[in-house]
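Structural characterization, general
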Amino acid sequence: GAVVSQHPSWVICKSGTSVKIECRSLDFQATTMFWYRQFPKQSLMLMATSNEGSKATYEQGVEKDKFLINHASLTLSTLTVTSAHPEDSSFYICSATEVRVSSTRISDGYTFGSGTRLTVV
Amino acid sequence: EDQVTQSPEALRLQEGESSSLNCSYTVSGLRGLFWYRQDPGKGPEFLFTLYSAGEEKEKERLKATLTKKESFLHITAPKPEDSATYLCAVHRDSWGKLQFGAGTQVVVTP
């Protein structure tokens, strides 16, 4: 089945530094990637959607200059948390689909990465 | 506004004690309802997709059903390895974004 590899699985960084999280699709083309964050005992909140080769679309309230998303290839997307602060500490999860989602096309097959626990101290 | 509400928040079961989880949704034009299992510190693992009222799907001890307003995930004779948080999600809009519920944390004790 489809596999998405996400790493690191956990990272601790100092306040003010930047952290990069990678998601790779191992056996399919990740045409569209979604990035989520999840707080303890809460649901997944969508941060942004990116189609390969295009700029990411951010959800309302998500700072695009703080959470930089690069999706330059069909197998790799990265999320960089810039100038991290303790309030950015969270569980970040990516998901991918082969479908290039659009206003007229959706997917019913989403594969999730294993998540990254970010702690900013 | 699309909403997904799951109940109960937490469920503690004895091994073999069957139960059901509920996912109620309000969305204009349902295009798919998803069930995922999430273990602590892990990403969601796909279980089922349901598309229309009356549809049912089964996988081992799990059975998902769908009506026009809600979905149920039935766990039959659960085992400790069924302990996890079960998430429900619906397509949020035409871009295929998923709206997740808060989940039901299930603990199955021997």
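Analysis parameters
Residues numbered from 1 in each chain as written. Chains lettered and ligands numbered in written order. Predicted model: local features only at pLDDT ≥ 70, side-chain atom pairs only at ≥ 80, totals over all residues. Heavy atoms only, no water. Helix = DSSP H or I, 4+ residues; strand = E, 2+ residues; numbered from the N terminus. Rg over C-alpha atoms; globule rule 2.2 N^0.38 Å. Buried < 20%, exposed > 50% of the residue type's maximum accessible area, 1.4 Å probe, protein only. Areas by Shrake-Rupley, 256 points an atom, 1.4 Å probe, with all protein chains shown as cover. Lys, Arg positive; Asp, Glu negative; His and termini not counted. Charge placed at Lys NZ, Arg CZ, Asp CG, Glu CD. Pairing = 2+ DSSP bridges. Axes fitted to C-alpha atoms, helices over the stretch in contact; angles between N-to-C directions. Disulfide = S-S within 2.5 Å.

**A few points about the overall build of chain A**
Counting its secondary structure elements, chain A contains zero helices and eleven strands. A compact globule built from 121 residues would reach a C-alpha radius of gyration of about 14 Å, and chain A, at 14 Å, matches this within 12%. Considering only C-alpha atoms, chain A reaches an extent of 40 × 30 × 30 Å along its principal axes. Counting the 121 residues in chain A, one finds 50% classified as buried. Surface accessibility of chain A: about 5,800 Å² in total, with carbon and sulfur atoms responsible for 51%. Across chain A, the centroid of the 11 positively charged side chains sits 4 Å from that of the 10 negatively charged ones.

**With respect to the sheet that holds strand β7 (residues 67-70) of chain A**
Residues and elements named next belong to chain A. Taken together, four strands build an open sheet; the order of strands is β1-β3-β8-β7 and the sheet is antiparallel. Across the chains shown, the open sheet's two edge strands, defined by having one partner strand only, are β1 (4-7) and β7. Across the sheet, the mean angle from the axis of one strand to that of its neighbour is 15°, orientation sign disregarded. Direction of pairing for β1 relative to strand β3 (residues 19-25): antiparallel, over a ladder of four bridges. From the neighbouring strand, serine 5 faces β3, where its bridge partner is arginine 24.

**Here's the deal with the state of the cysteines**
Evaluated as defined, the whole model comprises two disulfides over all chains. Each disulfide pairs two cysteine sulfurs, and for cysteine 23 of chain A the partner residue is cysteine 94 of chain A, the sulfurs being separated by 1.7 Å. Taking the torsion about the S-S bond as the criterion, the cysteine 23 of chain A to cysteine 94 of chain A disulfide, at about -85°, is left-handed. Highlighted residues: cysteine 23 of chain A in strand β3 and cysteine 94 of chain A in strand β9 (residues 90-97), separated in sequence by 71 residues. Comparing cysteine 23 of chain A with cysteine 94 of chain A, the two get one shared label, buried. Each sulfur in the disulfide pair cysteine 23 of chain B and cysteine 88 of chain B lies 1.9 Å from the other. For the disulfide bridge between cysteine 23 of chain B and cysteine 88 of chain B, the dihedral angle about the S-S bond is near -60°, and by the sign convention the bridge is left-handed. Placement of cysteine 23 of chain B in strand β3 (residues 19-26) and of cysteine 88 of chain B in strand β9 (residues 84-91) is noted, with a sequence separation of 65 residues between them.

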